[in-house]
Amino acid sequence: MASWFSAMLFCFGGGLLSSLMLAEPPLAILSNTTNIIFASVIWYMVYYFPHDLVYRIFCFLPLRVIAAAMKEVTRTWKILSGVTQADSRFRDAWLVMIANGWAKAAGGGLISNFEQLVRGVWKPENNELLKMSFPVKISLLGAVLFTLQHIHLLPIARYHLIFIYTMFLITTKVGMIKVYCLKSKRFLLEH
């Protein structure tokens, strides 16, 4: 049960943090049962499918790249929705817009300490705010960019910014996957 709860916290952490920040009911994210069932089915398939077949399928590089690209597209939309949601609630509150866009896109990473506590392996030295991972950093950058565009301080059309930022995320993530695969192959060949 802790594994499932941990996975759901990671999947829906952004919505949970955003709800808490905007004084909305935090359990409202559970109202979309389709998303909960979909995430639960994926969790079950990853952890309990025979012979780790689902995990092995997604270790195949082309599928891994496609899944990573899809994740980065959703990250962009989460940032944008967080910024616009905060602006509709708190007009011209730039810091709230940045924080909400950041929380929506990187919520799983930001609540990782709580998620570790749920699993029983809490490591306070791995605090995401002290040592930020790439997705948390890039989500903060995106939240700043989309907030500046939203308040008209960044002179670029929204759809251009969405395209440029999404392409930047995808190429960076694919490059990171490629470097990781090359390092793994080099390590295997050396040992």
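The rules behind the values
Residues numbered from 1 in each chain as written. Predicted model: local features only at pLDDT ≥ 70, side-chain atom pairs only at ≥ 80, totals over all residues. Heavy atoms only, no water. Buried < 20%, exposed > 50% of the residue type's maximum accessible area, 1.4 Å probe, protein only. Helix = DSSP H or I, 4+ residues; strand = E, 2+ residues; numbered from the N terminus. Arc of directions from axis to C-beta. Contact = heavy atoms within 4.5 Å. UniProt positions renumbered as here; feature names shortened; annotations may be inferred. 1 Å grid on protein atoms, 1.4 Å probe; cavity = no way out; pocket = protein on both sides within 12 Å on 5 of 7 lines; lining within 4 Å. Points joined across faces, edges and corners; volume = space filled by probe spheres on them. Nonpolar A, V, L, I, M, F, W, Y, C, P; charged D, E, K, R; others polar. Core = buried A, V, L, I, M, F, W, Y, C linked by side-chain atoms within 4.5 Å. Phe/Tyr/Trp six-rings, centres within 6.5 Å; stacked < 30°, edge-to-face > 60°.

**Student:** Could you give an account of helix α6 (residues 112-119), with specific residues and numbers?
**Tutor:** Taken together, the buried positions of α6 are Ser112, Asn113, Glu115 and Gln116. Buried residues of α6 fall within an arc of 160° about the axis and therefore sit on the same side. Taken together, the buried residues of α6 touch α1 (2-21) and α5 (94-110). Phi turns positive, to about 90°, at glycine 120, one or two residues after α6.

**Student:** With reference to specific residues and values, describe the UniProt feature "transmembrane region" (unreviewed entry) in the protein chain.
**Tutor:** What UniProt calls "transmembrane region" (unreviewed entry) maps, in this numbering, to residues 6-22, 29-47, 138-156 and 162-181. The span residues 162-181 is 100% helical and 0% strand by assignment, and the distance between its end C-alpha atoms comes to 28 Å.

**Student:** Could you give an account of the layout of surface pockets, naming the residues involved and the relevant values?
**Tutor:** In this structure, the largest pocket occupies an estimated 2200 Å³ of space. At the level of elements, α1, α2 (33-48), α3 (53-59), α4 (61-89), α5, α7 (134-150) and α8 (158-190) are the ones that each hand at least two residues to the lining of the largest pocket. The element that contributes the greatest number of residues to the lining of the largest pocket is α4, accounting for twelve residues. For the lining of the largest pocket, a count of residues per class yields 27 nonpolar, twelve polar and nine charged. In this structure, the second largest pocket spans a volume of roughly 190 Å³. For the second largest pocket, the full set of lining residues is Trp4, Phe5, Met8, Leu9, Phe12, Gly13, Leu16, Pro26, Leu27, Ile29, Leu30 and Ile36.

**Student:** Help me get a handle on the nonpolar core, residues and values and all.
**Tutor:** With 19 residues, the main nonpolar core has Ile79, Val83, Met97, Trp102, Ala143, Phe146 and Tyr165 as its most contacted residues. Elements with a minimum of two residues in this core: α4, α5, α7 and α8. Sort the elements by how many residues they give to this core and α5 lands first, with five residues.

**Student:** Requested: an account of the packing of aromatic side chains, with residues and values cited.
**Tutor:** Inspection of the entire model under this criterion finds five aromatic pairs. Where tryptophan 43 meets tyrosine 48, the ring centres are 5.6 Å apart and the plane angle is 75°; that geometry is what we call edge-to-face. Considering the side-chain rings of phenylalanine 146 and tyrosine 165, the 5.6 Å spacing of their centres and the 85° angle between planes classify their relative orientation as edge-to-face. Here the residue phenylalanine 146 occupies a position in helix α7, and tyrosine 165 occupies one in helix α8, the gap between them amounting to 19 residues. On the accessibility criterion, phenylalanine 146 (1% relative accessible area) is buried. On the accessibility criterion, tyrosine 165 (3% relative accessible area) is buried.

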